[in-house]
2 protein chains.
Amino acid sequence: MLRLLLLLPLLGAAGALPAPLRRHRRASLPVGPYLTRYLSQQIDHFGFDENRTFQQRYLLADQHWKKDNGPILFYTGNEGDIEWFCNNTGFMWDVAEELNAMLVFAEHRYYGESLPFGNESFSDSKHLNYLTSEQALADFAVLVEYLKTTIAGAQHSPVIAIGGSYGGMLAAWFRMKYPHVVVGALAASAPIWQFADLVPCGTFFSIVTNDFKKSGKGCSESIRNSWNAINHLSSTGLQWLSNTFHLCSPLKTLQDAAVLKNWLSETWVNLAMVNYPYKADFLQPLPAWPIQEVCKFLKDPSLSDKLLLQNVFQAVNLYYNYTGEASCLDVSQTATKSLGEMGWYYQACTEIVMPLCTDGVHDMFEPQKWDFDALSEECYRMWGVRPRLSWILSMYGGKNISSHSNIIFSNGGLDPWSAGGVTQNISNSLVAVVIPDGAHHLDLRSHNPLDPKSVQQARAMEICLMKEWIEKARHGH
Amino acid sequence: MLRLLLLLPLLGAAGALPAPLRRHRRASLPVGPYLTRYLSQQIDHFGFDENRTFQQRYLLADQHWKKDNGPILFYTGNEGDIEWFCNNTGFMWDVAEELNAMLVFAEHRYYGESLPFGNESFSDSKHLNYLTSEQALADFAVLVEYLKTTIAGAQHSPVIAIGGSYGGMLAAWFRMKYPHVVVGALAASAPIWQFADLVPCGTFFSIVTNDFKKSGKGCSESIRNSWNAINHLSSTGLQWLSNTFHLCSPLKTLQDAAVLKNWLSETWVNLAMVNYPYKADFLQPLPAWPIQEVCKFLKDPSLSDKLLLQNVFQAVNLYYNYTGEASCLDVSQTATKSLGEMGWYYQACTEIVMPLCTDGVHDMFEPQKWDFDALSEECYRMWGVRPRLSWILSMYGGKNISSHSNIIFSNGGLDPWSAGGVTQNISNSLVAVVIPDGAHHLDLRSHNPLDPKSVQQARAMEICLMKEWIEKARHGH
């Protein structure tokens, strides 16, 4: 169970959609009408024995597109339903008119409706075998070329890849591997260096901790102290814990107490990712600066175990029940068997192995070493596959990417994933944009009156560079 | 059988080794001692269900290497035994000392000793599934990284990819896809544009024809007339044809006459590729400028059928029997089931689909349209796979490669494969080197007193650019 601590944040963190999310989607998102389309894609681009195809879904909005080779903004879909990404990437909708751009949102294989083997897609390692970033990028390349050859006036349209989180990694990698397909990429909150030993494994959780430390006196200390409080109650106080946290299913074993702690850890991580400056509902409906709100309950770390944990409940209840609709809280929520999570779990067990660790000193979490061997065993048990730690570096270059061009790496200073991001310029055309007041890909969200200056500036810079790429492409550079 | 005409030249042309070749290898090649090594490679880099490994062979020569991060010249092995490429790439041996370079020759999976499933490797489409250029490039990337981390003093060694023919395509693609692994590439006689409709399908054979036209009066016309002469004799004169051509196995059917014509066609193509200015034994032991020698037998195209064909025999006999050791000629020679040919045949049926055609007007061959559907049927019949015509363009960019850097494309004016090569500069760092008097990757061969000025200049240019890449890498650019 302990091993899962290192995996679960990955699931929520890089954007997999917990089931409740879909229920809370607002109807009034700043999104225009779009068409839903499907393209036949090879299930296996890299081998010829499997010659079947599947239907990849993509969304297309061309109301602002200038037909005479106006640009295409291409969202490189990540680990979830593409409609959700479409609805949560307001930035693309906001700039479509200014750039005279067509918007395309491409769904990642094995997510949403784009299931290579339908209901069988997750049944075993044979069916999951084609779920890799390389296959997804090949889908994107084939789709772009299909659009350019079939849409009148798009033949010479410059295409810009845009993505956030894992989708941001894909956007950057897409430009690196297929520069003939996309003239540039905006990789928002893309932790392309959260691999192997490229960055310290503990920075992620120390950023989470800092977010809480800055948001209220006693806040991070309260959380740090909460683990032992739970431990003290985990033998005789399970019933009390279940009642106090309003859990839908009562805790029954010592292992269940670990589940509770994992669930709390992930809640704090998620809060750090969605610590937006305005009321929003990215992972949950939340008030502006939600960590500040949460920290209002966590001012006194020196309280007794029970009083402290009652406050912790108030804090997480704000996250899970801001609307007041939840009658109880579900600790298995982030481990639902939704397709998005299934696929991401598999990817985290194969290519996308992101070392994370805590020490309880530089962060407010229970100490947990990074344990690759344990992960490997867990993955083998679950999927019959073993992760390959160094493959992603061989494939995408690790830190040695200076020969590429036209990629913007944007990162939020509040976002734990910035730990693995590119936060300094690599060259004139590999540009880092840091948004000190930004959480997880804030820049990709719709503009908002409460946006801090730093994200306004970041977006202006991004638009400026995208225009430059488009202009250069138009003149055949 | 007609369909094979379009495939067979591919087999010989891009360098697969007919069996006799190995018999003629000289012991006294200008090659120093080297070590033979093996590295465990994933059979499938792009999927996790197949987790077995195989032993990739590579050859290593470090006698001239400067241990303090001296450069590595890395031969991207193509469709044959790596020892043969090592022995036939004298250029690398010639420049090793000047560049203080380590030489590495990496064998391509499914060729030579690097068989993923041993004797079973070619048994069916399941076992052949991992024979693709992408898998081969991944092997190369993993091998380079392995060498740099395990050889003391090589950690920061700049690596330059070098290859000829299909190996040249791999060298160019290696730099395009893994610029973090190699600082540049010398792609000699690499027809990276002999795909889809990037170049006219007929240029290849018109270059062959020009080589013969320029090498003797009446020569190409004699060959053009020979096809009808064979046709006239193909019903009642099979015995005469068999005797005249000293065939090991007599022709028996009309189809056998087609085999004879295919074999002759391929002979002329091979001669065009190895039309070197000095005695050499690349595909066969041959005199200097072999086409000129061959054309001495083919001066009078207006002879009667039988006299014309007796001359054609003299011509091909020079190619197949220059040493006088052959007691008969074998029309199935280039279709042997040697591993190299098996693998290449499969690749030509999947990714490496190179449209070729003849019209009998701009070339001296029997007219033959490019017929993708027929190829597809043939491939399905033989291997149970179907070629994908546009995949290679999606993957490697077709003509749209200007965003890459540090690649030299060298091509010989006499080489039919220059039809699909890059023969004009694309940018300051994507440089075309044309060698008007050169046949197939003449520049990669050892220097020779009879080398024309053009190849000497080409090599000087190549060395100069390689030094520039090495210098820049050393200064961290």
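Each value, and the rule that gives it
- Along each chain, numbering runs from 1 in the same order as the chain's sequence is written.
- Each chain takes a letter, starting from A, and each ligand takes a number, starting from 1, following the order in which they are written.
- Given that this is a predicted model, residues contribute local features only at a pLDDT of at least 70 and side-chain atom pairs are listed and counted only at 80 or more, while totals for whole chains, interfaces and linings are drawn from all residues.
- Only hydrogens and water are set aside when side-chain values are computed; all heavy atoms of the structure are taken into account.
- UniProt positions are given in the numbering used here, feature names are shortened, and annotations may be inferred rather than shown by experiment.
- Each axis is a line fitted through C-alpha atoms, taken for helices only over the stretch in contact, and angles between the N-to-C directions span 0 to 180 degrees.
- Strands are runs of DSSP state E lasting at least two residues, helices are runs of H or I lasting at least four, and both sets are numbered from the N terminus onward.
- Orientation categories follow fixed angle ranges, with anything under 35 degrees roughly parallel, anything over 145 roughly antiparallel, 65 to 115 roughly perpendicular, and all other angles oblique.
- Put simply, a crossing is left-handed when the front helix is turned counterclockwise from the back one by less than a right angle, and right-handed when it is turned clockwise.
- In this description, contact between two residues means that some pair of their heavy atoms is separated by no more than 4.5 Å.
- Working rule for helices: expected span equals 1.5 Å times residues minus one.
- At every residue, the bend is computed as the angle between two fitted axes, covering the seven residues ending there and the seven beginning there respectively.
- Type-normalised accessible area, obtained with a 1.4 Å probe on protein chains alone, sets the label of each residue: buried when under 20%, exposed when over 50%, and partly exposed for intermediate values.
- Domain ranges listed in this record stem from an automatic or a database domain assignment.
- Contacts described as polar in this section are N or O atom pairs within 3.5 Å, which, within protein, must combine one atom able to donate a hydrogen with one able to accept it, while residues neighboring in sequence count only if both atoms come from side chains.
- Any residue that is not Ala, Val, Leu, Ile, Met, Phe, Trp, Tyr, Cys, Pro, Asp, Glu, Lys or Arg is counted as polar, Gly included; the first ten are nonpolar and the last four charged.
- As a working definition, buried area equals the accessible area (1.4 Å probe) given up by two parts on being put together, with both sides summed.
- Should a side-chain nitrogen of Lys or Arg be within 4 Å of a carboxyl oxygen of Asp or Glu, the pair is scored as a salt bridge.
- In this analysis, strands are considered paired if DSSP registers two or more bridges between them.

- As named in an unreviewed UniProt entry, chain A is Lysosomal Pro-X carboxypeptidase, taken from Taeniopygia guttata.
- Checking UniProt for chain A, the heading Subcellular location (unreviewed entry) contains the comment "Lysosome".
- Within the UniProt record for chain A, the comment given under Subunit (unreviewed entry) is "Homodimer."

1. Here's the deal with the packing of helix α8 (residues 219-233) of chain B against helix α10 (residues 254-273) of chain B
Residues and elements named next belong to chain B.
Right, so step 1: Interhelical geometry of α8 versus α10 gives an angle of 170° and a closest axis separation of 10 Å. Between α8 and α10, the crossing angle belongs to the class labelled roughly antiparallel. With respect to the hand of their crossing, α8 and α10 are arranged in right-handed fashion. From α8, Ile-223, Trp-227, Ile-230 and Asn-231 reach across to α10, where they touch Ala-257, Leu-260, Lys-261, Leu-264, Ser-265 and Trp-268.

2. With respect to α8 of chain B
All names here are of chain B.
Right, so step 1: With 15 residues, α8 should cover 21 Å at 1.5 Å per step; its first-to-last C-alpha distance of 21 Å lies within 8% of that length.
Right, so step 2: Of all the bends in α8, the greatest measures close to 25° and is centred on Ser-226.
Right, so step 3: Looking at α8, one finds that the buried residues are Cys-219, Ser-220, Ser-222, Ile-223, Ser-226, Trp-227, Ala-229, Ile-230 and Leu-233.
Right, so step 4: Its buried side turned inward, α8 meets α7 (203-214), α9 (238-244), α10, α11 (290-295) and α12 (305-320).

3. Remarks on the domain arrangement of chain A
Residues and elements named next belong to chain A.
Right, so step 1: Looking at chain A, the domain boundaries give domain 1 (35-196 + 393-476) and domain 2 (201-384).
Right, so step 2: For domain 1 and domain 2, the distance between their C-alpha centroids amounts to 29 Å.
Right, so step 3: In this assembly, 40 residues from domain 1 lie in contact with 31 residues from domain 2.
Right, so step 4: Connecting domain 1 to domain 2 are 10 residue pairs in polar contact (both at pLDDT 80 or more).
Right, so step 5: Among the secondary structure elements, those contributing two or more residues to the side of domain 1 that touches domain 2 are α5 (125-128), α6 (133-150) and α7 (166-177).
Right, so step 6: No other element matches α7, which puts 3 residues into the side of domain 1 that touches domain 2.
Right, so step 7: For the side of domain 1 that touches domain 2, the residue count by class is 20 nonpolar, 14 polar and 6 charged.

4. Things to note about the interface of chain A and chain B
For interface size, the figure often reported is the accessible area lost on association.
Right, so step 1: Contacts between the two partners involve 37 residues from chain A and, on the opposite side, 37 residues from chain B.
Right, so step 2: When chain A packs against chain B, the two sides together hide about 3,400 Å² of surface, and 50% of this comes from carbon and sulfur.
Right, so step 3: The largest contributions to the chain A side of the interface with chain B come from Phe-46, Phe-48 and Arg-388 of chain A, which together make up 26% of the buried area.
Right, so step 4: Inspection of the region where chain A meets chain B yields 2 salt bridges.
Right, so step 5: The salt bridge involving Asp-49 of chain B is made with Lys-126 of chain A; its shortest N-O contact spans 2.9 Å.
Right, so step 6: For the side of chain A that touches chain B, the elements supplying multiple residues, two or more each, are α5, α6, α7 and α16 (391-396) of chain A.
Right, so step 7: In terms of residues, the side of chain A that touches chain B owes the most to one element, α16 of chain A, which gives 5 residues.
Right, so step 8: Residues of the side of chain A that touches chain B, tallied by class, amount to 12 nonpolar, 14 polar and 11 charged.

5. Some points on the sheet that holds strand β8 (residues 430-435) of chain B
Residues and elements named next belong to chain B.
Right, so step 1: Across the sheet, which stays open at both edges, the 8 strands sit in the order β1-β2-β4-β3-β5-β6-β7-β8 with mixed pairing between neighbours. Looking at the sheet topology across the chains shown, the edges are occupied by β1 (35-42) and β8. The mean angle between the axes of side-by-side strands here comes to 20°, regardless of whether they run parallel or antiparallel.
Right, so step 2: Pairing of strand β5 (residues 159-164) with strand β6 (residues 184-188), which is carried by 5 bridges, proceeds in the parallel orientation. For Ile-160, the partnering residue across the bridge sits in β6 and is Gly-184.
Right, so step 3: Along the sheet, helix α5 (residues 133-150) makes contact with β1, β2 (53-61), β3 (72-76), β4 (102-106) and β5, crossing β2 at roughly 60°.
Right, so step 4: Relative to β5, helix α6 (residues 166-177) is tilted by about 150°, and along the sheet it contacts β3, β5, β6 and β7 (407-412).

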